[in-house]
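Chain by chain, the residues:
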Amino acid sequence: MEKFLALSIKKQDTIRNAALACFAKHGYEKASINDIAVAAGISKASIFQYFGNKQALYQYLFDYCAAQMKQAYNTSALEETTDFFDRVWEASVMKVENLKKHPHIASFIASVAAEPMPELKGAIFSETNEKYIASLVLHEQDYKKFRHPEDAELVFQMLMLLAKGMSVQLENGVDYDGMMKEFREILNMLKHNFYKEEYLL
């Protein structure tokens, strides 16, 4: 990995994007190191020299995508937002804008969501990642707004499952604007069904 990180930023981007695109198109099992090397314009031996093996390369891409997605969130802006559903919406907009800027990451995440092997999904949709998102959007003061405070975490879990389903749609070049319009409507529906009346004004 040190040899890869010693390359120029441009060269790293070329290799990384080639790998992301190849895994997104073919999935983990069918993607070949040779195809990645050809797409990146380097030798197959160089890939092994940089990453060791296919699994290590895939793990690196996982870690890179997870880090990129974390950077998408403006945590100070989310802290200033006082409502749970507004926070979820703002975080989602931040994530989508980041995915628009990095289409290779969007395609890779979509392919991970569609992987048949649970261990491959784990790195992106991990409990640690879920807890991080929960810390961003679900705050202690939110619970009192729910008719039944214990529903707050259930609603959050429901939204996480919805997010996983939306990730699969990214693979098919989904209409971001249409998807977000539908998501906004879902958030409004949940808010009106779970919040106490005084918090719907």
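The residue count restarts for each chain, going from 1 along the sequence in the order it is written. The predicted nature of this model means local features are confined to residues of pLDDT at least 70 and side-chain atom pairs, given and counted, to a pLDDT of 80 or more, with totals for whole chains, interfaces and linings taken over all residues. Water and hydrogen atoms play no part in the side-chain values, which are based on all heavy atoms of the structure.

1. Here we look at the UniProt feature "DNA-binding region" (unreviewed entry) in the protein chain
Then comes step 1: Sequence positions flagged by UniProt for "DNA-binding region" (unreviewed entry) are, in local numbering, residues 32–51.
Then comes step 2: Within the segment residues 32–51, helix and strand shares are 80% and 0% respectively, and the terminal C-alpha atoms sit 14 Å apart. UniProt positions are given in the numbering used here, feature names are shortened, and annotations may be inferred rather than shown by experiment. Under the DSSP-based scheme used, a helix requires at least four consecutive residues in state H or I and a strand at least two consecutive residues in state E, with every element numbered from the N terminus.

2. A look at the packing of aromatic side chains
How two aromatic rings sit relative to each other is set out by the distance from centre to centre and by the angle between their planes.
Then comes step 1: Pairing of aromatic side chains requires ring centres within 6.5 Å, counting the rings of Phe and Tyr and the six-membered ring of Trp. Pairs whose planes differ by under 30 degrees are stacked, by over 60 edge-to-face, and all others tilted. Taken as a whole and assessed by the stated rule, the structure comprises 18 aromatic pairs.
Then comes step 2: Each ring, one from F4 and one from Y50, has its centre 6.1 Å from the other, and the planes form 55 degrees; the classification is tilted. Of the two residues, F4 is situated in helix α1 (residues 2–5) and Y50 in helix α4 (residues 44–51); the sequence distance between them amounts to 46 residues.
Then comes step 3: Feature note: the residues F4, Y50, F51, Y60 and Y64 constitute an aromatic cluster, connected by ring pairs.
Then comes step 4: The residue whose ring lies beneath R16 is Y64, and the NZ or CZ to ring-centre distance is 4.0 Å. Whether a charge sits over a ring depends on NZ of Lys or CZ of Arg being within 6 Å of the ring centre and within 35 degrees of the ring normal.

3. Re the pattern of salt bridges
Then comes step 1: Salt bridges are counted wherever a side-chain nitrogen of Lys or Arg sits within 4 Å of a carboxyl oxygen of Asp or Glu. This structure, assessed with the given rule, holds nine salt bridges.
Then comes step 2: Note that K100 is salt-bridged to D177, the shortest N-O span being 3.8 Å. Of this pair, K100 sits in helix α7 (residues 84–101) while D177 sits in helix α12 (residues 176–194), placing them 77 residues apart in sequence.
Then comes step 3: For the exposure calls, accessible area comes from a 1.4 Å probe over protein chains only, and a residue counts as buried if that area is under 20% of its type's maximum, exposed if over 50%, partly exposed in between. Since its relative accessible area comes to 37%, K100 is described here as partly exposed.
Then comes step 4: Salt-bridge contacts for E197 lead to R147; the nearest nitrogen and oxygen are separated by 3.9 Å. Here E197 is found in the segment after α12, whereas its partner R147 is found in the loop between α10 (127–137) and α11 (151–169), with 50 residues between them in sequence.
Then comes step 5: Residues participating in the shared-partner salt-bridge network are D83, K145 and K191.

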